[in-house]
Amino acid sequence: MDAAEPTPATAQPDPLAAEATAADGFDWSALQEAATAAMRHAYAPYSGYAVGAAAVVEDGRLVTGCNVENAAYGVGLCAECGLVSQLHLTGGGRLTHFVCVGGEGQVIMPCGRCRQLLFENGGPELRLLTVAGLRSMSEVLPDAFGPHDLA
């Protein structure tokens, strides 16, 4: 398989998503499936590490993103960047639920830069499905710097 093409995700139910759905009633499996579908569009010819992200907006819209690498390695775009761009392109609003997956469709944790980006667009209440289960944005980015710090 060409390194530019992500590895097909497995179709097996994810116990993390099932547990999270049972805990709060939100369909985390469907959100993880949307992130996996987005991941299949990733452009990762250098690392071979495809990433997809999916989130729900407060008005019910679904926004997604995938990583896009570049030959100048440092200027690649994370999946979360694409997701936030789509958020603003389709009307803005606040993110309420978020999940990020790797090349096999497995839940992965957003990097620190992306946590900051998610905080800016979802606030401390944003719910994330993480490798450690459901977490709020305030748990994955405690004492976050935000717009309130610029006032």
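The numbers attached to residues start from 1 for each chain and follow its sequence in the written order. The predicted origin of the model limits local features to residues at a pLDDT of at least 70 and limits the giving and counting of side-chain atom pairs to 80 or more, whereas totals for whole chains, interfaces and linings rest on all residues. With hydrogens and water set aside, each side-chain value is computed from the structure's full complement of heavy atoms.

## Describing a nonpolar patch on the surface
1) Next: Any residue with relative accessible area above 30% and no salt bridge may belong to a patch, with like charges joined within 9 Å and the nonpolar Val, Leu, Ile, Met, Phe, Trp and Tyr side chains within 5 Å. Where accessible areas are quoted, they stem from the Shrake-Rupley method and a 1.4 Å probe; at the residue level, only the protein chains shown are allowed to cover. When a carboxyl oxygen of Asp or Glu lies within 4 Å of a side-chain nitrogen of Lys or Arg, that pair is called a salt bridge. There is a patch of nonpolar side chains on the surface, built from Tyr43, Tyr46, Val68, Tyr73 and Leu77 and spanning about 530 Å² of accessible area.
2) Next: Here Leu77 lies in the loop between strand E2 (62–66) and helix H3 (79–89). A helix here means a DSSP run of H or I that spans at least four residues, while a strand means a run of E at least two residues long, and both kinds are numbered starting from the N terminus.

## Focus on the packing of H3 against helix H4 (residues 112–122)
1) Next: Here, axes are lines fitted to C-alpha atoms. For helices the fit covers the stretch in contact, and angles between N-to-C directions go from 0 to 180 degrees. The interhelical angle for the contact between H3 and H4, taken along N-to-C directions, is 20°, at an axis separation of 10 Å. Relative to H4, the element H3 is oriented roughly parallel. Both H3 and H4 take part in a crossing whose hand is left-handed. Where H3 approaches H4, its residues Glu80, Cys81, Val84, Leu87 and His88 are matched on the opposing element by Arg113, Cys114, Leu117, Leu118 and Asn121. Each angle receives one of four descriptions, namely roughly parallel if under 35 degrees, roughly antiparallel if over 145, roughly perpendicular if within 65 to 115, and oblique otherwise. Should the near helix be turned counterclockwise from the far one by less than a right angle, the crossing is left-handed, whereas a clockwise turn marks it as right-handed. Contact criterion: two residues are considered in contact whenever any of their non-hydrogen atoms come within 4.5 Å of each other.

## Points about the nonpolar core
1) Next: By size, the foremost hydrophobic cluster in this structure holds 21 residues, and its most contacted members are Leu83, Leu95, Phe98 and Met137.
2) Next: No other element matches the four residues that H3 contributes to this core.
3) Next: Sequence-distant contacts of Met137, that is, excluding residues within four places in its chain, are made with Arg115, Leu118, Phe119, Gly123, Pro124, Leu126 and Leu128.
4) Next: By convention a nonpolar core is built from buried Ala, Val, Leu, Ile, Met, Phe, Trp, Tyr and Cys residues, the set being connected through side-chain atoms within 4.5 Å. Burial here depends on accessible area, computed with a 1.4 Å probe over protein chains only, as a share of the maximum for the residue type. Under 20% is buried, over 50% is exposed, and the range in between is partly exposed. By size, the runner-up hydrophobic cluster in this structure holds 18 residues, among which are Ala50, Val56, Val101 and Leu129.

## Here's the deal with the packing of aromatic side chains
1) Next: Classification of ring pairs rests on two measures: the distance between centres of Phe, Tyr or Trp rings, Trp counted by its six-membered ring, which must be within 6.5 Å, and the angle between planes, read as stacked under 30 degrees, edge-to-face over 60 and tilted in between. Inspection of every chain in the model, using the stated rule, returns two aromatic pairs.
2) Next: With a centroid separation of 4.9 Å and 70° between ring planes, the pair formed by Phe26 and Trp28 is classed as edge-to-face. Here Phe26 and Trp28 have matching classes, each one buried.
3) Next: Note on Tyr46 and Tyr73: the rings are 5.7 Å apart at their centroids and 55° apart in plane angle, and the pair reads as tilted. Taken together, the residues span a long stretch of sequence, with Tyr46 in the loop between helix H2 (28–39) and strand E1 (52–57) and Tyr73 in the loop between E2 and H3 at a distance of 27 residues.

## A short note on the pairing of strand E3 (residues 95–101)
1) Next: Among the seven residues in E3, six count as buried, and that is most of the element.
2) Next: Two strands are said to pair when DSSP picks up at least two bridges between them. The pairing of E1 with E3 spans six bridges and is classified as antiparallel. Pairing of Ala55 across the sheet is with Phe98, part of E3.
3) Next: As defined by bridge partners, E3 adjoins strand E4 (residues 127–130) across three bridges and the pair is classed as parallel. Bridging from a neighbouring strand, Phe98 pairs with Leu128 of E4.
4) Next: We call a crossover right-handed when, viewed with the strands running away from us, the connection from the first strand over the helix to the second turns clockwise. Regarding the hand of the β-α-β motif, the stretch spanning E3, H4 and E4 is right-handed.

## Examining the packing of helix H1 (residues 15–24) against H2
1) Next: H2 packs onto H1 with a crossing angle of 140° between their chain directions and a minimal axis gap of 8 Å. In this view, H1 runs oblique relative to H2, as classed from their interaxial angle. On H2, the residues that touch Ala17, Ala18, Ala20, Thr21 and Asp24 of H1 are Trp28, Ser29 and Gln32.
2) Next: For this classification, Asp, Glu, Lys and Arg are treated as charged, while Ala, Val, Leu, Ile, Met, Phe, Trp, Tyr, Cys and Pro are nonpolar and the rest, including Gly, are polar. A class-by-class count of the residues in the contact of H1 with H2 yields four nonpolar, three polar and one charged.

## Things to note about unusual backbone geometry
1) Next: Positive phi outside glycine occurs at Asp143, with the angle close to 55°.
2) Next: By the element assignment, Asp143 lies in the segment after helix H5 (137–140).
3) Next: A relative accessible area of 82% places Asp143 in the exposed class.

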